[in-house]
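Structural overview for review
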Amino acid sequence: MGAGGSDPIREVARLLAERRNAVVLTGAGISVESGIPSFRGAQGMWAKYDPTEYATLHAFMQSPRKVWEMLSEMVSVCGGAAPNAAHKGLAALEETGVVRAVITQNVDGLHQAAGSRRVIEYHGNLDELICVYCWKRYPTRDRWTPGSVPQCDCGEILKPNVVLFGEPIPWLAQEQAEEEARSCGVLVVIGTSAQVSPACDIPRIAKELGAAVVEINPEPTLLTRTVADVHLAGPASEILALLLQSIRDEEH
Ligand code: NAD
Ligand code: ZN
């Protein structure tokens, strides 16, 4: 695939339509067009918040109020965001049986909001808060208001139920994601720089077990030229619109 192919969009559309067994791995890039900044790059969150000071479990345990400066911004931005054409395109591909599941590193809930049904949340979701002392959980909207630092009934400061650096992946999500990667025919990787471990292992697992790996990203990443069989360069919404149209053309 790719080499010598005249139209990579058409080749990928054909592959997806034939195998009807695709799994999608998404990262922050798919939500950029919904107004949620990614972490890396000039506009990214890391340009403003040093991840070692704001995004590790250790930092949260040491200074939860400081870490909530960043978390509050994320909860506000994600809470006000709506799914874009790329999220909706993936939901449409699931509806027609082309895509089987979405594994997302995102914590914004936008795949579900767009209508995707099988979504594996690899890094959790900002919708929920958890107490790392007594493990009680709360819906975020019940405990958090803009500018506040949410507290548990036990008096401790709550953490969003998302995976910070230094925390393990929730075991069920890890198991399901690996199973999907092992058994899919095509893995479509969208909007991830593939620098966060162990999420970056998912494309390698899929590839080793025989899946074709398709990457959608305006920029090359660590996967391009190593793991990806084809790189469709461009914003997710644009590439997915082209793929959807091409799959419809294939099927008629
Ligand atoms: P990243 O910030 O490391 O990389 C984002 C990637 O998206 C880059 O490769 C960039 O070129 C690409 N990109 C930018 N615009 C795009 C577009 N329109 N279409 C397609 N791709 C585009 O993101 P990551 O690899 O997901 O790692 C960051 C971690 O931070 C993840 O674990 C994620 O959980 C978390 N995070 C989540 C959100 C969210 O929930 N929306 C936002 C920021 C960070
Ligand atoms: Zn508690």
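The notes below deal with the structure included here. (Residues numbered from 1 in each chain as written. Chains lettered and ligands numbered in written order. Predicted model: local features only at pLDDT ≥ 70, side-chain atom pairs only at ≥ 80, totals over all residues. Heavy atoms only, no water.)

1. Some words on the environment of Cys 134
By the element assignment, Cys 134 lies in the loop between strand S4 (124-130) and strand S5 (137-139). Separated by 60 residues in sequence, Cys 134 and Met 74 have C-alpha atoms that sit 24 Å apart. The contact partners of Cys 134, leaving out residues within four places of it in the chain, are Cys 152 and Cys 154. (Helix = DSSP H or I, 4+ residues; strand = E, 2+ residues; numbered from the N terminus. Contact = heavy atoms within 4.5 Å.)

2. Concerning helix H5 (residues 85-95)
Helical periodicity: at 3.6 residues per turn, an α-helix aligns residues three or four positions apart in one direction. For H5, the set of buried residues is Ala 86, His 87, Gly 89, Leu 90, Ala 91, Leu 93 and Glu 94. Looking at the buried positions of H5, the neighbouring elements they touch are strand S1 (22-26), strand S2 (99-104), helix H6 (110-114), strand S7 (186-190) and helix H10 (236-251). Residue Asn 84 occupies the N-cap position of H5, its side-chain oxygen lying 2.7 Å from the main-chain nitrogen of Ala 86. In the segment just after H5, Gly 97 is the residue with positive phi, at about 85 degrees. (Buried < 20%, exposed > 50% of the residue type's maximum accessible area, 1.4 Å probe, protein only. Polar contact = N/O pair within 3.5 Å; in protein donor to acceptor, adjacent residues only side chain to side chain.)

3. Some remarks on the state of the cysteines
In protein chemistry, a disulfide is the covalent bond that joins the sulfur atoms of two cysteines. Under the defined criterion, the tally for this structure stands at zero disulfides. You can see Cys 200 has no disulfide; the closest cysteine sulfur is in Cys 184, sitting 16 Å from it. (Disulfide = S-S within 2.5 Å.)

4. Observations concerning the side chain of Glu 180
Mapped onto the secondary structure, Glu 180 falls in helix H8 (residues 171-183). Setting aside anything within four residues of it in sequence, one finds Glu 180 in contact with Val 23, Arg 100, Ala 101, Ile 103, Arg 118 and Ile 120.

5. Section: H8
With 13 residues, H8 should reach 18 Å at 1.5 Å per residue; the first-to-last C-alpha distance of 18 Å fits that figure. Of all the residues in H8, the buried ones are Ala 173, Gln 174, Ala 177, Glu 180 and Ala 181. Projected down its long axis, H8 carries its buried residues within an arc of 135 degrees, all on one side. Projecting away from the buried face of H8 at angles above 90 degrees are the exposed residues Trp 171 and Glu 175. Contact partners of the buried residues in H8: S1, S2, strand S3 (119-121) and helix H9 (201-208). (Expected span 1.5 Å × (residues − 1). Arc of directions from axis to C-beta.)

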